[in-house]
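Remarks on the overall topology
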Amino acid sequence: MAEQIEIRRLASADVHEQLDALAGVLHDCVAGGASVSYLTPFSHADARSAFEGFAAEVEQGRRLLLAAFADGGLVGTVQVILALPPNQPHRAEIAKLLVHRSARGRGIAQQLMEHAAAEARAEGKTLLVLDTVTGDSAERLYERLGWTRVGVIPGYALYPDRRPCDTTIFWKSL
Ligand SMILES: CC(C)(COP(=O)(O)OP(=O)(O)OC[C@H]1O[C@@H](n2cnc3c(N)ncnc32)[C@H](O)[C@@H]1OP(=O)(O)O)[C@@H](O)C(=O)NCCC(=O)NCCS
């Protein structure tokens, strides 16, 4: 049976409408040990606050936020950071690619990334950059999608439990 996955770009009002679901995905990823900026303890309320901040940036045109819907609910999200220094008007950064653990392994992250790249291109961006935990599923995804690996920075960030983790930097021309 074909799986129905819908990817949509959310306006600021949509982000507020989906705040609980977006927070649920972030909370689940951090609970699962993902190194995506936050440390434990990390509550659902903390995750909501994070997305309230992202909604404000969406409102200001500083970032794009996309969401994936499947099985009747929001199961994943990704962001495109547009607000970079004046001498980098052609560049954007991918951030917070998150898929709920219950929805992984179905190509949802891949679809989110393909749509994020298309939205960035539509905004006039021709260069994307991202960083990700070294040796994770996400790193394989970016390689499959044709991103170029720059290299690894040892001990760049921390896992939620404060263990250090290495980070790989990637770029892609659009
Ligand atoms: C990284 C992450 C976003 C991937 O999400 P996902 O939706 O599971 O990703 P995909 O389904 O596109 O790919 C995952 C795997 O499923 C496989 N897959 C994709 N579609 C499939 C299908 N229909 N049937 C079977 N396997 C499939 C992919 O080949 C991939 O395999 P691999 O891990 O061995 O390379 C998710 O694990 C996550 O949210 N992690 C925590 C947050 C994080 O680390 N984010 C990245 C920060 S930059």
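Summary of the structure given here. (Residues numbered from 1 in each chain as written. Predicted model: local features only at pLDDT ≥ 70, side-chain atom pairs only at ≥ 80, totals over all residues. Heavy atoms only, no water.)

Describing the sheet that holds strand β6 (residues 148-158)
Overall, mixed pairing links the 7 strands, which are arranged β1-β2-β3-β4-β5-β7-β6 in an open sheet. Pairing within the sheet leaves two strands with one partner each, and these edge strands are β1 (5-10) and β6. For this sheet, the mean inter-axis angle between neighbouring strands, taken without regard to orientation, is 25°. Pairing geometry for strand β3 (residues 73-81) and strand β4 (residues 91-99), over 5 bridges, is antiparallel. Each residue of the ladder has a partner; that of I81, found in β4, is E93. On the sheet, helix α4 (residues 108-122) packs against β1, β2 (63-70), β3, β4 and β5 (127-133) and is oriented at approximately 145° with respect to β2. Lying on the sheet, helix α5 (residues 137-144) is in contact with β4, β5, β6 and β7 (164-173); it crosses β5 at an angle near 155°. (Pairing = 2+ DSSP bridges. Helix = DSSP H or I, 4+ residues; strand = E, 2+ residues; numbered from the N terminus. Axes fitted to C-alpha atoms, helices over the stretch in contact; angles between N-to-C directions. Contact = heavy atoms within 4.5 Å.)

Thoughts on the packing of aromatic side chains
In the structure shown here, the tally under the stated rule is 4 aromatic pairs. A ring pair is formed by Y38 and F42, whose centres lie 4.8 Å apart and whose planes are at 25°; its orientation type is stacked. A relative accessible area of 19% places Y38 in the buried class. Among the residues examined, F42 registers a relative accessible area of 11% and is labelled buried. Note on F51 and F54: the rings are 5.2 Å apart at their centroids and 85° apart in plane angle, and the pair reads as edge-to-face. Highlighted residues: F51 and F54, both in helix α3 (residues 44-59), separated by 3 residues, approximately one helical turn. Note on accessibility: F51 and F54 belong to one class, buried. Among the aromatic residues, those joined into a cluster by ring pairs are Y142, W147 and F170. For R8, the ring lying beneath its charged end belongs to F69, and the centroid distance is 4.2 Å. (Phe/Tyr/Trp six-rings, centres within 6.5 Å; stacked < 30°, edge-to-face > 60°. Buried < 20%, exposed > 50% of the residue type's maximum accessible area, 1.4 Å probe, protein only. Lys NZ or Arg CZ within 6 Å of the ring centre and 35° of its normal.)

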